[in-house]
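Observations on chain architecture
The residues making up each chain are set out below.
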Amino acid sequence: MNEKRVIIMGAGGRDFHNFNVYFRNNSDYRVVAFTAGQIPNIANRVYPPSLAGPNYPEGIPIFPEEVLSELIAKFGVDEVVLSYSDLNSQDFIEKMSRVLVSGASFKILSPRDTMLESPVPVIAVCASRTGAGKSTVSRYISRAFKRLGIRFVVVRHPMVYGKFDYPVQRFKTYEDLEKYNCTIEEREEYEWHIKEGNTVYAGVDYEKVLEAAVREADVILWDGGNNDWPFFKPTIMITVVDPLRPGQEISSYPGLVNTMMADIIVINKANTATKEQIKIAEENVRKVNRHAKIIRTASEISVDAPDLIKGKRVLVVEDGPTITHGHLSYGAGYLAAKMYGARDIVDPRPYALGSILEAYREYSHMGPVLPALGYGQRQMKELEEVINRTPADTVVLGTPSDISRYLKVNKPVVHVKYELRDLANPTLEEILVEMMRAKDIL
């Protein structure tokens, strides 16, 4: 039987995992290329032989997704496997149609195809869309685990935006962020774990990540990325839904998969959403998932220096993925600026340049805020220049990463913090504990 020729469409995370667990040692397939979309600086590299395995002694080339149709023809491709997350329905249909018109079959690997079995229980936190509030839920659960005396580590969804030097990464200190040459997007996810004293694992090869993680944990807390499903089979799965984007819990890929698979649905931001938005979210969840426990929570915002906002002209810097491919026009930073009485929120768009300017053109829904894009050193320098060019008194930092630690910013920085608060009885912790006891985890 002839092997099928495959291209994997990705964005620097799910794509490599799907290859590792499904294709690497599968003689029925030959992966001829990866394509890279959504995230800059991934294309025009090679997935190295050290990770690709003996069947790929030259590695696997990575091309921009824009040339997908040409690659299908050039390599005689049989199947294109979609392997990234956070797509709305229209984007999903367009990508599928482009593949079909180009002559290849369109394929998606299932959770069963791609989830690794863990020897220890896995509590997974995922979402219906990027920016729903996974980090606050993960932080809440990590604190609950500490109160319960559970020995755990966090395993984070990958962000392979730099070199393929580390199949396994372990983060415990700020020095580890430098050791692994982390981008802003990676720092956004790891820094608050470090502040909390949590150990975080990530990397490229999640079979090896799992082996390392279970050596120091009795329970794994899976901290999802975008709206992807977990790489490890969850014992209990929590999906965070954002009512401020009504309908997204059932109209995004693979957010709908997470909504359908969840044991617990957290409708977050219920303190800022309207009653109608919350009702729509709950009704949509119930259409596709009748077994999950549904709970409402608040995402409460605070800042460390309110006097630097009140009456000032401020530049708001937001979490990059949330307001780009997450399709929110603003985030916690903008809300904090309004809440604490900023005189003016300065629009940074007239001062944008390079890849930051390109992002505004690509994501025209963004409001007068600056996405904290930093997928590499060049983009980090561009971000620094835009911040310094924008005429404001203060930077209101809505991203979890403290950019003032590694960028030379010419303005004082106010850090925005957002924390989960229970709004219902029983609480999220109580529901989780009950489920963990039922599964003999406690």
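Just so it is clear, the structure is predicted and the values come from calculations on it, not from any experiment.

Some thoughts on helix α14 (residues 332–339)
- All of the buried residues along α14 are Ala332, Gly333, Tyr334, Ala336 and Ala337.
- Taken together, the buried residues of α14 touch β16 (293–303), β17 (313–318), β18 (344–345), β20 (394–397) and β21 (413–422).
- Remark: Gly341 follows α14 within two positions and exhibits a positive phi of approximately 80°.

Re the pattern of salt bridges
- Applying the stated rule across the entire model yields 27 salt bridges.
- With its nearest N and O atoms 3.7 Å apart, the salt bridge here joins Glu117 to Lys233. A residue pair is termed long-range when its members are at least 10 positions apart, and Glu117 in the loop between α5 (111–114) and β8 (122–127) and Lys233 in the loop between β12 (219–223) and β13 (236–241) qualify at 116 residues.
- Residue Lys233 is classed as partly exposed on the basis of its relative accessible area, which comes to 45%.
- Across the pair Lys269 and Asp242 runs a salt bridge whose closest N-O atoms are separated by 3.0 Å. Taken together, the positions of Lys269 in the loop between β15 (264–267) and α12 (275–288) and Asp242 in the loop between β13 and α10 (248–251) put the pair 27 residues apart, joining distant regions of the chain. Here Lys269 and Asp242 have matching classes, each one buried.
- Each of the salt bridges in this network shares a partner with another, and the network as a whole consists of Arg139, Arg143, Glu196, Lys417 and Glu419.

Observations regarding the sheet that holds strand β7 (residues 105–107)
- Spatial strand order, β3-β4-β2-β1-β5-β7: six strands in an open sheet with mixed pairing. Lying at the two open borders of the sheet, with one neighbouring strand each, are β3 (46–47) and β7.
- Bridge count between strand β1 (residues 4–10) and strand β5 (residues 79–82): four bridges; the pairing is parallel. Looking at the pairing, Val6 lines up with Glu79 of β5.
- Relative to the sheet, helix α4 (residues 89–101) contacts β1, β5 and β7, its axis offset from that of β7 by approximately 145°.

A look at the environment of Lys172
- When you line up the elements, Lys172 lands in the loop between β10 (168–171) and α7 (174–179).
- Taking relative accessible area as the criterion, Lys172 reaches 34% and is therefore assigned partly exposed.
- For the pair Lys172 and Glu300, spaced 128 residues apart in sequence, the C-alpha separation works out to 26 Å.
- Ignoring any residue separated from it by four or fewer positions in sequence, one finds Lys172 in contact with Ile194, Gly197, Asn198 and Thr199.
- Reaching out from Lys172, the side chain makes a polar contact with the backbone oxygen of Gly197 at a distance of 2.9 Å.
- A polar side-chain atom of Lys172 sits 3.1 Å from a polar atom in the side chain of Thr199.

What about the pairing of β20?
- By the alternation rule, side chains of β20 split into Thr394 and Val396 and Val395 and Leu397, which are all buried.
- In the sheet, β17 pairs with β20 via four bridges, with the strands oriented parallel. Looking at β20, one finds that Val316 is bridged to Val396.
- Pairing of β20 with β21 involves three bridges; the strand directions are parallel.

Conventions adopted
- The numbers attached to residues start from 1 for each chain and follow its sequence in the written order.
- Residue-level local features of this predicted model are given only where pLDDT is at least 70; pairs of side-chain atoms are given and counted only at 80 or more, and the full residue set underlies all totals for whole chains, interfaces and linings.
- Just so you know, side-chain values use all the structure's heavy atoms and leave hydrogens and water out.
- Throughout, exposure labels follow a simple rule: accessible area from a 1.4 Å probe, protein chains only, divided by the maximum for the residue type, with under 20% read as buried, over 50% as exposed, and the rest as partly exposed.
- Runs of E in the DSSP output that reach at least two residues are strands. Runs of H or I that reach at least four are helices, and both are numbered from the N terminus.
- Whether two residues are in contact is decided by their heavy atoms: any pair within 4.5 Å suffices.
- Here, a salt bridge means any side-chain nitrogen of Lys or Arg that lies within 4 Å of a carboxyl oxygen of Asp or Glu.
- Any two strands with at least two DSSP bridges between them are considered paired.
- Only the contacting stretch of a helix is used when fitting its axis, a line to C-alpha atoms as for every element, and angles between N-to-C directions run 0 to 180 degrees.
- Polar contact criterion, stated in full: a pair of N or O atoms within 3.5 Å, where within protein one must be able to donate a hydrogen and the other to accept it, and residues adjacent in sequence count only if both atoms are side-chain atoms.

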